[in-house]
Amino acid sequence: QVQLVESGGGLVQAGGSLRLSCAASGGTFSRYAMGWFRQAPGKEREFVASITNSGGSTSYEDSVKGRFTISRDNAKNTVALQMNSLKPEDTAVYYCAARTRSIWTSLQSREYDIWGQGRQVTVSS
């Protein structure tokens, strides 16, 4: 059974940086596409970034392009989201997710079958 455990996040002022990490266990991490999603209060969960199993291709939601970077280390079974130039509108609970049935990424949360517990990111103005 694949499990994902997230760490990082927290509180930062606008313009600052935070890093989220997600450690996978119980599966073959290098076979999975991985994604980060977020959910703000009263809003639906939305796509943030994704990365193919090899790390050779990434995708980003338009509002985070140029500010966020997704990366992975298959030797350590981890995926990370580096978040720079944070804005108050980035405030949300962030989730990492694994798409265990495909090496390719998707923008749709329903395509991901394993989820982490979520980490709060709060950006103050």
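Presented here is a report on the structure given in the accompanying data block. Since the structure is predicted, the reported quantities are computational estimates derived from the model, not experimental observations.

Attention now goes to the nonpolar core. Core analysis: the largest hydrophobic core is formed by 29 residues, its most contacted members being Leu-4, Trp-36, Leu-81, Met-83 and Tyr-94. Broken down by secondary-structure element, the contributors of at least two residues to this core are strand S3 (18-25), strand S4 (33-39), strand S5 (46-51), strand S7 (68-73), strand S8 (78-83), strand S9 (92-99) and strand S11 (119-124).

Our next topic: the pattern of salt bridges. Two side chains carrying opposite charge are able to pair once their charged atoms lie near each other. All told, the structure shown has six salt bridges when counted by the stated rule. The closest approach of N and O atoms between Asp-90 and Arg-38, which form a salt bridge, is 3.0 Å. In this pair, Asp-90 is assigned in the loop between S8 and S9 and Arg-38 in strand S4, connecting sequence segments 52 residues apart. Just as Asp-90 is buried, Arg-38 falls in that class too. Residue Asp-62 is joined to Lys-65 by a salt bridge in which the shortest nitrogen-to-oxygen separation is 3.1 Å. Salt bridges linked by common partners bring Arg-38, Glu-46, Arg-67 and Asp-90 together as one network.

Glancing now at the sheet that holds S7. Strand order in the open sheet formed by four strands is S1-S3-S8-S7, with antiparallel pairing between adjacent strands. Whereas interior strands pair on both sides, the edge strands pair on one side only; in this sheet they are strand S1 (3-8) and S7. When the angles between neighbouring strand axes are averaged without regard to direction, this sheet yields 15°. As judged from the six bridges shared by S3 and S8, these two strands associate in the antiparallel manner. When the bridges of S8 are listed, Cys-22 appears paired with Val-79.

Below, the discussion takes up the state of the cysteines. Inspection of the entire model under this criterion finds one disulfide. Two residues share a disulfide in this structure: Cys-22 and Cys-96, whose sulfurs sit 2.0 Å from each other. Every disulfide takes its handedness from the sign of the S-S torsion; for Cys-22 and Cys-96 that torsion is 45°, giving right-handed. Linking Cys-22 in strand S3 with Cys-96 in strand S9, this pair joins segments that are 74 residues apart in sequence.

Per the stated rule, a full pass over the model turns up five aromatic pairs. Arranged with centres 5.1 Å apart and planes meeting at 55°, the rings of Phe-37 and Trp-115 form a pair that is tilted. With Phe-37 in strand S4 and Trp-115 in strand S10 (residues 114-115), this residue pair connects regions lying 78 residues apart in the sequence. On the basis of relative accessibility, which here comes to 26%, the residue Trp-115 falls in the partly exposed class. Taking the centre distance of 6.4 Å and the plane angle of 75° together, the rings of Tyr-95 and Trp-115 count as edge-to-face. In this pair, Tyr-95 is assigned in strand S9 and Trp-115 in strand S10, connecting sequence segments 20 residues apart. The exposure class of Tyr-95 is buried, given its relative accessible area of 14%. Stacked on the ring of Trp-115, the Lys or Arg Arg-45 has its end atom at 4.6 Å from the ring centre.

Thresholds, definitions, all that
- Residues numbered from 1 in each chain as written.
- Predicted model: local features only at pLDDT ≥ 70, side-chain atom pairs only at ≥ 80, totals over all residues.
- Heavy atoms only, no water.
- Core = buried A, V, L, I, M, F, W, Y, C linked by side-chain atoms within 4.5 Å.
- Buried < 20%, exposed > 50% of the residue type's maximum accessible area, 1.4 Å probe, protein only.
- Helix = DSSP H or I, 4+ residues; strand = E, 2+ residues; numbered from the N terminus.
- Salt bridge = Lys/Arg side-chain N within 4 Å of Asp/Glu carboxyl O.
- Pairing = 2+ DSSP bridges.
- Axes fitted to C-alpha atoms, helices over the stretch in contact; angles between N-to-C directions.
- Disulfide = S-S within 2.5 Å.
- Phe/Tyr/Trp six-rings, centres within 6.5 Å; stacked < 30°, edge-to-face > 60°.
- Lys NZ or Arg CZ within 6 Å of the ring centre and 35° of its normal.

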